[in-house]
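# Structure assessment
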Amino acid sequence: GDSVTQMEGPVTLSEEAFLTINCTYTATGYPSLFWYVQYPGEGLQLLLKATKADDKGSNKGFEATYRKETTSFHLEKGSVQVSDSAVYFCALKIQGAQKLVFGQGTRLTINP
Amino acid sequence: DAGVTQSPTHLIKTRGQQVTLRCSPISGHKSVSWYQQVLGQGPQFIFQYYEKEERGRGNFPDRFSARQFPNYSSELNVNALLLGDSALYLCASSLDTSNSNQPQHFGDGTRLSIL
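Looking now at the overall build of chain B. The helix and strand tally for chain B stands at 0 helices and 11 strands. Ordered by position in the sequence, the α and β elements of chain B form the string β-β-β-β-β-β-β-β-β-β-β. Relative to the compact-globule value of 13 Å for 115 residues, chain B shows a C-alpha radius of gyration of 13 Å, a close match. Counting only C-alpha atoms and orienting by the principal axes, one finds that chain B spans roughly 40 × 30 × 30 Å. Taken over 115 residues, chain B has a buried fraction of 50%. Restricting to contacts in chain B with at least 6 residues of sequence separation, those with at least 24 account for 54%.

Here we come to the interface of chain B and chain A. Listed by partner, the interface residues are 23 residues for chain B and 22 residues for chain A. Summed over both partners, the interface of chain B with chain A buries about 1700 Å², with 51% contributed by carbon and sulfur atoms. The interface formed by chain B and chain A includes 4 residue pairs in polar contact (both at pLDDT 80 or more). When residues of the side of chain B that touches chain A are traced back to their parent elements, those giving at least two are β4 (31–37), β5 (44–50), β6 (53–57) and β9 (87–94) of chain B. A total of 3 residues in the side of chain B that touches chain A trace back to one element, the largest contributor, which is β4 of chain B. Residues that form the side of chain B that touches chain A fall into these classes: 7 nonpolar, 14 polar and 2 charged.

Looking now at the state of the cysteines. For the coordinates displayed, the defined rule picks out 2 disulfides over all chains. The side chain of Cys23 of chain A participates in a disulfide bridge whose partner is Cys90 of chain A; the two sulfur atoms lie 2.0 Å from each other. Here the S-S torsion is close to -70°, and the disulfide linking Cys23 of chain A with Cys90 of chain A is therefore left-handed. You can see Cys23 of chain A sitting in strand β4 (residues 23–26) and its partner Cys90 of chain A sitting in strand β10 (residues 86–94), a full 67 residues away along the chain. Cys90 of chain A matches Cys23 of chain A in its accessibility class, with the two residues each being buried. Between the sulfur of Cys23 of chain B and that of Cys91 of chain B lies a disulfide, 1.8 Å long from S to S. Its S-S torsion of about -65° marks the bond between Cys23 of chain B and Cys91 of chain B as left-handed, since a negative value means left-handed. Here Cys23 of chain B, found in strand β3 (residues 19–24), pairs with Cys91 of chain B, found in strand β9; they are 68 residues apart in sequence, far enough to count as distant. Taken as a pair, Cys23 of chain B and Cys91 of chain B share a single burial class, namely buried.

Conventions we followed
- Residues numbered from 1 in each chain as written.
- Chains lettered and ligands numbered in written order.
- Predicted model: local features only at pLDDT ≥ 70, side-chain atom pairs only at ≥ 80, totals over all residues.
- Heavy atoms only, no water.
- Helix = DSSP H or I, 4+ residues; strand = E, 2+ residues; numbered from the N terminus.
- Rg over C-alpha atoms; globule rule 2.2 N^0.38 Å.
- Buried < 20%, exposed > 50% of the residue type's maximum accessible area, 1.4 Å probe, protein only.
- Contact = heavy atoms within 4.5 Å.
- Buried area = accessible area lost by both parts, 1.4 Å probe.
- Polar contact = N/O pair within 3.5 Å; in protein donor to acceptor, adjacent residues only side chain to side chain.
- Nonpolar A, V, L, I, M, F, W, Y, C, P; charged D, E, K, R; others polar.
- Disulfide = S-S within 2.5 Å.

Rendered as structure tokens:
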């Protein structure tokens, strides 16, 4: 079946450090890929997306590239801020399917 | 513009009771999906509705049911509540159901606690 695997957290970094959160997927069809962010006490916010191989999604300094050959969609940011502290979810959606399939989430804490 | 709104924000029930959760999608969105997020895990798909028709169902028991109204708002009902139903219930809306490029926009959820 379809599934998403994220690197286990929690991840703790200092402000201005480089961030990578790994995400790999298995899919029965051709997926679109998403990163969502969840701040404490809130729902999920779409951070970025990519819909085909080699697409790069970007938003708020975050980037992720759709790598079909390695079935990966790793999230990166060059210089993190305290306000980036949240839980990050990688997700996929197969064309024609109704549901998002999520990874287990990675909790990120940025210390000043 | 208003985002996806859910009510109530918090709810406490006891085992065996029944609960109804409500969701209003973003204006113009015709598709509503429901997800269950247990603490420390990613959301799990429960249902999707489009134009008042059920278009998808996840691996949840028949105690879970939902419906969508002509104004595209939706209700999720859970009967015979169990302790394991304690979770954050998320509603998401999107423009349509078939195009995977359309992102789903989430509400802040209803936190359901079962005692």
